[in-house]
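# Summary of the model geometry
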Amino acid sequence: QVQLVESGGGLVQAGGSLSVSCAGSGRTFSSYAMGWFRQAPGKEREFVAGITRSGDMTYYIDSVKGRFTISRDNAKNTVYLQMNSLKAEDTAVYYCAARYGLVWSDVVGKYDYWGQGTQVTVSS
């Protein structure tokens, strides 16, 4: 069992930066690929970025490529999402998710555990 707790959301002006973190419990955190998703009001949950269980490979959707960076520290059981040059359309609740195995997925149903989410609001 893995429990995930996000932190670091908040309110930021357009063009600003914000970092969100996801702390996992348990000794098997490094066995899980991780993904960050987001969900805006009235919209479906959307995959944003993924990272392999070792952290050696990452993936981003086009709309955040070059602005967001996903990383992880398995010694601290934590995955991060650094968000720069934020836009109003990045406003959403951000969720981290853990998927047992090597590689992330962009499908919500492929993940085994989810955090509770953290709100990110970008004012224009």
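### With respect to the pattern of salt bridges
When the charged atoms of two side chains with opposite charge come close together, those side chains can pair. Following the criterion strictly, the structure yields four salt bridges and no others. For the salt bridge of Arg-67 with Asp-90, the shortest nitrogen-to-oxygen distance reads 2.8 Å. Of the two residues, Arg-67 is situated in the loop between strand S6 (58-60) and strand S7 (68-73) and Asp-90 in the loop between strand S8 (78-83) and strand S9 (92-100); the sequence distance between them amounts to 23 residues. Take Arg-67 and Asp-90: they sit in the same class, and that class is buried. Here the salt bridges do not stand alone but share partners, grouping Arg-38, Glu-46, Arg-67 and Asp-90 into one network.

### Topic: the environment of Ala-33
By the element assignment, Ala-33 lies in strand S4 (residues 32-39). Aside from chain neighbours lying at most four places away, what touches Ala-33 is Ile-51, Thr-52, Arg-53, Arg-72, Ala-97, Ala-98, Arg-99, Gly-101, Leu-102, Val-103 and Trp-104.

### Regarding the pairing of strand S11 (residues 118-123)
Burial of S11 is one-sided: the residues Thr-118, Val-120 and Val-122 facing one way are buried, the residues Gln-119, Thr-121 and Ser-123 facing the other way are not. Judged from the four bridges that link them, strand S2 (residues 10-13) and S11 form a sheet pairing that is parallel. When the bridges of S11 are listed, Gly-10 appears paired with Val-120.

### Notes on the state of the cysteines
Following the criterion strictly, the structure yields one disulfide and no others. Between the sulfur atoms of Cys-22 and its disulfide partner Cys-96 the distance amounts to 2.0 Å. One quick way to see it: the torsion about the S-S bond of Cys-22 and Cys-96 is about 55°, and its sign makes the bridge right-handed. With a gap of 74 residues between them, Cys-22 in strand S3 (residues 18-24) and Cys-96 in strand S9 connect regions that are remote in the sequence. The two residues Cys-22 and Cys-96 agree in class, both being buried.

Calculation notes
Residues numbered from 1 in each chain as written. Predicted model: local features only at pLDDT ≥ 70, side-chain atom pairs only at ≥ 80, totals over all residues. Heavy atoms only, no water. Salt bridge = Lys/Arg side-chain N within 4 Å of Asp/Glu carboxyl O. Helix = DSSP H or I, 4+ residues; strand = E, 2+ residues; numbered from the N terminus. Buried < 20%, exposed > 50% of the residue type's maximum accessible area, 1.4 Å probe, protein only. Contact = heavy atoms within 4.5 Å. Pairing = 2+ DSSP bridges. Disulfide = S-S within 2.5 Å.

Just distances and angles here, no functional claims.
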